[in-house]
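What follows is the residue order along each chain.
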Amino acid sequence: MFWPEAGTLVEVSTLCTSITHAEGSPFRVWPASDAVVQLEREQGAILARWNECHDAGTVELETHPDQGGICARYDELALLLAQYRQATDDARRLVGEVSFDAGARYRVEGLDYWFRWRPTW
């Protein structure tokens with residue numbers, strides 16, 4: 001999942017197994033309200049906290065919130081956000097250029113990479 005900045009919601013339009021495969025791939029990008037961005041960040045924070053526990057060896061992979069039925073709030077957020085994760089008619093097609101920073105990959109405040117957007121031609 002990509003961490004949206006206020007006003008932008010990002011959905012990967014191609015399947016990839018890691019962020020390195022996403023570089024140069026087209027994305028659909030469309031506006032999102034501040035309320036939707038806050039919900040996305042809340043769900044991302046749940047994942048970041050789970051990842052910290054997983055890295056510490058205190059939880060198993062089978063407890064990942066994406067599996068459903070693990071974390072009620074995560075499941076609730078997934079339902080609330082589903083409608084906003086569908087590309088809108090005015091979605092722009094952009095290519096993301098990835099750069100990484102230092103630190104943990106998954107953090108409550110966001111991931112360890114940034115995207116610079118450019119239009120596809």
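To start, this report covers the structure provided alongside it. (Residues numbered from 1 in each chain as written. Predicted model: local features only at pLDDT ≥ 70, side-chain atom pairs only at ≥ 80, totals over all residues. Heavy atoms only, no water.)

Considerations on the pattern of salt bridges
The full count for this structure, using the stated rule, is three salt bridges. Across the salt bridge formed by E40 and R85, the nearest N and O atoms sit 2.9 Å from each other. Of this pair, E40 sits in helix α2 (residues 34-55) while R85 sits in the loop between α3 (72-81) and β3 (92-100), placing them 45 residues apart in sequence. For R85, a relative accessible area of 23% gives the class partly exposed. Residues R73 and E76 are paired through a salt bridge, measuring 2.9 Å at the closest nitrogen-oxygen approach. One end of the pair is R73 and the other is E76, both in helix α3 and three residues apart, which spans about a single turn. (Salt bridge = Lys/Arg side-chain N within 4 Å of Asp/Glu carboxyl O. Helix = DSSP H or I, 4+ residues; strand = E, 2+ residues; numbered from the N terminus. Buried < 20%, exposed > 50% of the residue type's maximum accessible area, 1.4 Å probe, protein only.)

With respect to the packing of aromatic side chains
Scanning all chains against the criterion turns up one aromatic pair. Taken together, a centroid distance of 5.3 Å and an interplanar angle of 80 degrees make the contact between F27 and W117 edge-to-face. Taken together, the residues F27 in strand β2 (residues 26-30) and W117 in strand β6 (residues 113-119) connect sequence positions 90 residues apart. On the basis of relative accessibility, which here comes to 30%, the residue W117 falls in the partly exposed class. (Phe/Tyr/Trp six-rings, centres within 6.5 Å; stacked < 30°, edge-to-face > 60°.)

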